[in-house]
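Here is what each chain is made of, one letter per residue.
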Amino acid sequence: AASIQEQLASSDIVMMDAAVSGGTGGAKKGTLAVMISGPKKYFDEHHKALSCFGTPFYVGNQPGLAQTMKLANNILSAASMAVTSEVMAFGVRAGLNPDVMLSIINSGTGRNTATADKFPRGVVNRSFGFGFAAGLMTKDARLFGEEARAQDMNLPVAEAVIATWNRMVDEIGAEADFTQVVQLMEGD
């Protein structure tokens, strides 16, 4: 984004960096989180148009900040899906009922989007139909890792998440729905 912005600026073209989060469901419902970086004046001018497909959030003037915010959001999503898969496989193997587990987790401090939405709607019933490929989740996690390394950061938890998603693609496939990561954990 920074490189593109430099090239466009030389021709007096203003670039707004925009990224979205919320999946295909959010896109259909118009409830996406819309992350925007660039000159604030243009964000303010176009806020109404951006609101048509979600909630716009201004993240800063620097080119690429919207992409950086999306990477941060996506690694959290990847981590919550992976660790929830491990926890659920652990509990079921030990004899716990998955529906009871989710009810308790969602009433407590472990609640996250995987426990609140993905597992009840697509994992427990084994439909695995969220419409987001494991390969895309793996790409998002990898991009976060690349950016962290570019910032000279050592993030071992994120690296473990990235390794899990790489393994998911290797063993179950890039085209598999990302909710199928639970199958990776159940196989261990």
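Thresholds, definitions, all that
All residue numbers here refer to positions counted from 1 along the written sequence of the relevant chain. Two thresholds apply to this predicted model, a pLDDT of at least 70 for residue-level local features and 80 or more for giving and counting side-chain atom pairs, whereas whole-chain, interface and lining totals are computed over all residues. Note that the side-chain values use all heavy atoms of the structure and ignore hydrogens as well as water. Here an angle of 0 to 180 degrees is reported between the N-to-C directions of two axes, which are lines fitted to C-alpha atoms, with helices fitted over the stretch in contact. We count a stretch as a helix when DSSP gives it H or I for four or more residues in a row; a strand needs E for two or more, and each element gets its number in order from the N terminus. To sort the angles, those under 35 degrees are grouped as roughly parallel, those over 145 as roughly antiparallel, those from 65 to 115 as roughly perpendicular, and the leftovers as oblique. Note: crossing handedness is left-handed where the near helix turns anticlockwise from the far helix by less than a right angle, and right-handed where it turns clockwise. Note on contacts: a residue pair is in contact if any heavy atoms of the two residues lie within 4.5 Å. Among the buried residues, those of types Ala, Val, Leu, Ile, Met, Phe, Trp, Tyr and Cys that are joined through side-chain atoms within 4.5 Å form a nonpolar core. Think of it in three bands: with a 1.4 Å probe and only protein chains considered, a residue is buried below 20% of the maximum accessible area for its type, exposed above 50%, and partly exposed in between. The rule for a salt bridge is simple: a side-chain nitrogen of Lys or Arg has to be within 4 Å of a carboxyl oxygen of Asp or Glu. One bridge is not enough; two strands pair if DSSP finds at least two bridges between them. The arc in question is traced by the directions running from the helix axis to the C-beta atoms. Counted as a polar contact is a pair of N or O atoms within 3.5 Å, where, for protein atoms, one must be capable of donating a hydrogen and the other of accepting one, and residues adjacent in sequence contribute only when both atoms are in side chains. To pair, rings of Phe, Tyr and Trp, with the six-membered ring standing in for Trp, must have centres within 6.5 Å; the planes then decide the type, stacked if under 30 degrees apart, edge-to-face if over 60, and tilted in the middle.

Participant: Lay out the packing of helix α4 (residues 65-94) against helix α7 (residues 134-150) with the relevant residues and their values.
Facilitator: At their nearest, the axes of α4 and α7 sit 9 Å apart, and the two run at 125 degrees to each other. Relative to α7, the element α4 is oriented oblique. The hand of the α4/α7 crossing is left-handed. Between α4, through L71, A72, N74, I75, S77 and A78, and α7, the contact on the second element is made entirely by M137, D140, A141, L143, F144 and E147.

Participant: Just give me the short version of the nonpolar core, but keep the residues and values in it.
Facilitator: In this structure, I75, M81, F119, W165, M168 and V181 are the most contacted members of the largest nonpolar core, which totals 31 residues. Residue assignment for this core shows that the elements contributing at least two residues are α4, α5 (98-107), α6 (113-123), α7, α8 (156-171) and α9 (181-186). With seven residues, α4 is the single largest residue contributor to this core. In this structure, V34, I36, F43 and L50 belong to the second largest nonpolar core, which totals five residues.

Participant: Which residues make up the pattern of salt bridges, and what are the values?
Facilitator: Taken as a whole and assessed by the stated rule, the structure comprises seven salt bridges. Among the ionic pairs, R121 bridges to D117, the shortest N-O distance being 2.5 Å. Linking R121 with D117, this pair stays in helix α6, spanning four residues, or about one helical turn. Among the ionic pairs, D140 bridges to K139, the shortest N-O distance being 2.7 Å. With a relative accessible area of 7%, D140 lands in the buried category.

Participant: Tell me about unusual backbone geometry, and name the residues and values.
Facilitator: The backbone of R126 shows a phi angle near 65 degrees, a positive value even though the residue is not glycine. Along the chain, the position of R126 falls in the loop between α6 and α7. The class of R126 is partly exposed, set by a relative accessible area of 38%. In the Ramachandran plot, F128 falls in the positive-phi region, its phi being about 45 degrees despite a non-glycine side chain. Inspection of the secondary structure puts F128 in the loop between α6 and α7. A residue is classified by how much of its surface remains accessible, and F128, at 11% relative accessible area, is buried.

Participant: Tell me what's going on with the sheet that holds strand β3 (residues 54-60), and back it up with residues and numbers.
Facilitator: Judged by pairing direction, the sheet is mixed, and its three strands sit side by side in the order β1-β2-β3 without closing on themselves. This sheet does not close on itself; its edge strands, each paired only once, are β1 (17-21) and β3. Direction aside, the axes of adjacent strands within the sheet are offset by 25 degrees on average. For β1 and strand β2 (residues 32-37), the ladder comprises five bridges, and the chain directions are antiparallel. Within the sheet, the bridge partner assigned to D17 lies in β2 and is S37. Along the sheet face, helix α3 (residues 40-50) touches β2 and β3 and points at about 170 degrees away from the line of β3. Each of β1, β2 and β3 touches α4; the most contacted strand, β1, lies at about 20 degrees to it.

Participant: Would you mind going over α5 in detail, with residue names and values included?
Facilitator: Buried within α5 are the following residues: M101, L102 and I105. Seen from one end, α5 has its buried residues packed into an arc of 95 degrees, which puts them on one side. Along α5, exposed side chains directed more than 90 degrees from the buried face belong to I104 and S107. For α5, the elements touching its buried residues are α4 and α6. In this structure N97 caps α5, since a side-chain oxygen of it lies 2.7 Å from the backbone nitrogen of D99.

Participant: Break down the packing of aromatic side chains for me, with residues and values.
Facilitator: This model, assessed by the stated rule, comprises three aromatic pairs. Look at F132 and F178: their rings are 5.6 Å apart centre to centre, the planes differ by 85 degrees, and that puts the pair in the edge-to-face class. With F132 in the loop between α6 and α7 and F178 in the loop between α8 and α9, this residue pair connects regions lying 46 residues apart in the sequence. Of the residues examined, F178 reaches a relative accessible area of 4% and is grouped as buried. By the ring-pair criterion, three or more aromatic residues cluster together here, those being F130, F132 and F178.

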